[in-house]
Amino acid sequence: MEKYNLNHLRELEAEAMYVIREVAAQFEKPVLLFSGGKDSIVMFYIARKAFWPAKVPFPLMHIDTGHNFEETIEYRDNLMKRTGAHCIAAMVQDSIDEGRVTEEKGVNASRNMLQTTTLLDAIEKHKFDAAMGGGRRDEEKARAKERFFSHRDEFGQWDPKNQRPELWNIFNGKKRIGEHFRVFPISNWTEMDIWQYIYMEGIEIPNLYFTHKREVFCRDGVWMAKAPYMQLKPNEKLEVKDVRCRTIGDITCTGLTLSTANTLEDIINEVAATRVTERGGRADDKRSETAMEDRKKEGYF
């Protein structure tokens, strides 16, 4: 990797460390949102470096839809055991059982939208006043509007037209009782930065990111994984393909990429050559023109 790229990545790393330390300094009870995807893995890795040799001074929290890839949960549990970190699992199924949300029906049903209620309830239950997420501005146009410190009102809602200035990286974490902040330490990273950093640091990632054989079906031009809760339409059929994930989320909305990338170098080369956006295969982003922004205003990640 070129020296320029190394310097660039070290600058991004230092910026993310600074933001994470600011969160630890300004807030009484922060939490790091962890999905088992590459962005939250990198964010947790940097948090560990930021406070080493002490342990990370805040817990992690996974909003678990119950419709995850098995590999994601296995990776999460092994990482927590290996690092000694504490991860709270907030279950969407509990929100359904308690009548807080109603599960969608039909072939396009997904629990992804239901995560918002589970997240807000967990923040209230544990009295978290800052929730760090792995969102990046290059991912999606709504996420490009976020500040590092993103204020949420007492209902957990976000107003993209009323955000605080962040001149010279001075972050204002002042809030009223009941309000909280979402914080995005890796806002300025790109997908390529993430992969180059993983390669540079030798970070272990779930094998879902590498090419593997899986039973899949094609829906609206996107390859989707077979799962017990995925209903096939009459014209859809299962096939075995060489695929990998570019993003990892709920199986019902995570599209797979046809790929032959078996190493980190292969993934970096593939990302450099592709003209499809990282979230181009995410079904949840295609429900409307403003799908992500609408969800974020209601309290989504």
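Throughout, residues of each chain are indexed from 1 in the direction in which the sequence is written. It should be noted that, the model being predicted, local features are given only for residues of pLDDT at least 70 and side-chain atom pairs only at 80 or more, the latter also being counted only at that level, while totals for whole chains, interfaces and linings use all residues. In computing side-chain properties, one takes all heavy atoms of the structure into account and sets aside hydrogens as well as water.

Q: Could you clarify how one ought to interpret the nonpolar core in this entry?
A: General note: in soluble globular proteins, nonpolar side chains tend to be found buried as a group. Only buried residues count toward a nonpolar core, which is a set of Ala, Val, Leu, Ile, Met, Phe, Trp, Tyr and Cys residues joined through side-chain atoms within 4.5 Å. Relative accessibility under 20% of the residue-type maximum defines a buried residue, over 50% an exposed one, and the middle range a partly exposed one, all with a 1.4 Å probe and only protein chains included. By size, the foremost hydrophobic cluster in this structure holds 62 residues, and its most contacted members are Leu32, Phe34, Phe149, Trp189 and Trp195. In terms of residues, this core owes the most to one element, helix α2 (residues 38-51), which gives eight residues. Each domain span listed reflects an automatic or database assignment of domains. Residue-level mapping places this core at the junction of two domains, with at least three residues from each of domain 1 (8-193 + 289-298) and domain 2 (207-284). Apart from residues no more than four positions distant in its own chain, Trp189 is found in contact with Leu12, Glu13, Ala16, Val42, Ile46, Arg136, Asp138, Ile194 and Tyr197. Under the scheme used here, helices are H or I runs from DSSP no shorter than 4 residues and strands are E runs no shorter than 2 residues, and both carry numbers assigned from the N terminus. Contacts were defined at the residue level, with two residues in contact if any of their heavy atoms lie within 4.5 Å.

Q: It is not clear to me how the state of the cysteines should be interpreted in this structure. Could you clarify?
A: Put plainly, two cysteines are in a disulfide when a covalent bond ties their sulfur atoms together. By definition, disulfides here are pairs of cysteine sulfur atoms that lie within 2.5 Å. Scanning all chains against the criterion turns up zero disulfides. There is no disulfide at Cys218, and the cysteine sulfur nearest it, in Cys245, is 16 Å away. The class of Cys218 is partly exposed, set by a relative accessible area of 36%. Of all cysteine sulfurs in the structure, the one in Cys253 sits closest to Cys245, which takes part in no disulfide; the separation is 11 Å.

Q: Teacher, can you tell me more about helix α5 (residues 115-126) here?
A: Since one α-helical turn is 3.6 residues long, residues separated by three or four positions face the same way. Here α5 contains twelve residues, and its C-alpha end-to-end distance of 16 Å stays within 8% of the 16 Å for a straight helix at 1.5 Å per residue. Along α5, the residues that are buried comprise Gln115, Thr116, Thr118, Leu119, Leu120, Ala122 and Ile123. Here, expected helix span is obtained from the residue count minus one, scaled by 1.5 Å.

Q: Please explain the domain arrangement of the protein as it appears in this structure.
A: A common way to report how large an interface is uses the accessible area buried once the components associate. Here the domain parsing of the protein yields domain 1 (8-193 + 289-298) and domain 2 (207-284). Residue-level contacts link 27 residues of domain 1 with 27 residues of domain 2. Salt bridges are defined by distance alone: a side-chain nitrogen of Lys or Arg within 4 Å of a carboxyl oxygen of Asp or Glu. On inspection of domain 1 and its partner domain 2, the count reaches two salt bridges. Under the rule applied, a polar contact is a pair of N or O atoms within 3.5 Å (in protein, one hydrogen donor and one hydrogen acceptor; residues adjacent in sequence only if both atoms are side-chain atoms). Where domain 1 meets domain 2, there are eight residue pairs in polar contact (both at pLDDT 80 or more). Only α2, α3 (70-83), α6 (191-201) and α8 (291-298) provide two or more residues apiece to the side of domain 1 that touches domain 2. With three residues, α8 is the largest single contributor of residues to the side of domain 1 that touches domain 2. Residue composition of the side of domain 1 that touches domain 2, grouped by class: six nonpolar, eleven polar and ten charged. Classes in brief: Ala, Val, Leu, Ile, Met, Phe, Trp, Tyr, Cys and Pro nonpolar; Asp, Glu, Lys and Arg charged; the others, Gly included, polar.

Q: Hey, could you run me through the packing of aromatic side chains in this one?
A: Working definition: an aromatic ring pair is given by the centre-to-centre distance plus the angle between the planes. Aromatic rings from Phe, Tyr and Trp, taking only the six-membered ring of Trp, are treated as a pair when their centres fall within 6.5 Å; an angle between ring planes under 30 degrees marks them as stacked, one over 60 as edge-to-face, and anything in between as tilted. Applying the stated criterion across every chain yields a total of eleven aromatic pairs. On the numbers, 6.3 Å between centres and 75 degrees between planes, the contact of Phe34 with Phe44 is edge-to-face. Pair noted here: Phe34 is in the loop between β1 (30-33) and α2 and Phe44 is in helix α2, with a separation of ten residues, a long-range link. A centroid spacing of 6.0 Å and a plane angle of 85 degrees characterise the contact between Phe51 and Phe58, whose relative ring orientation is edge-to-face. Residue class for Phe51 comes out buried when judged on its relative accessible area of 17%.

Q: How should I be thinking about the side chain of Glu15 in this particular structure?
A: Mapped onto the secondary structure, Glu15 falls in helix α1 (residues 3-26). We treat Lys and Arg as the positive residues and Asp and Glu as the negative residues; His and chain ends play no part in the count. In this structure, Glu15 is buried with no salt-bridge partner, the nearest side chain bearing the opposite charge being Arg137 at 6.6 Å. Setting aside residues no more than four positions away along its own chain, Glu15 makes contact with Phe148, Asn169 and Asn188.

Q: Explanation requested: the pattern of salt bridges in the structure shown.
A: Side chains that differ in sign of charge can pair as their charged atoms come close. Following the criterion strictly, the structure yields 21 salt bridges and no others. Between Arg176 and Glu179 there is a salt bridge, with its nearest N and O atoms 3.7 Å apart. Take Arg176: its relative accessible area is 63%, and that puts it in the exposed class. A network of salt bridges, in which partner residues are shared, links Arg10, Glu13, Lys49 and Glu201.

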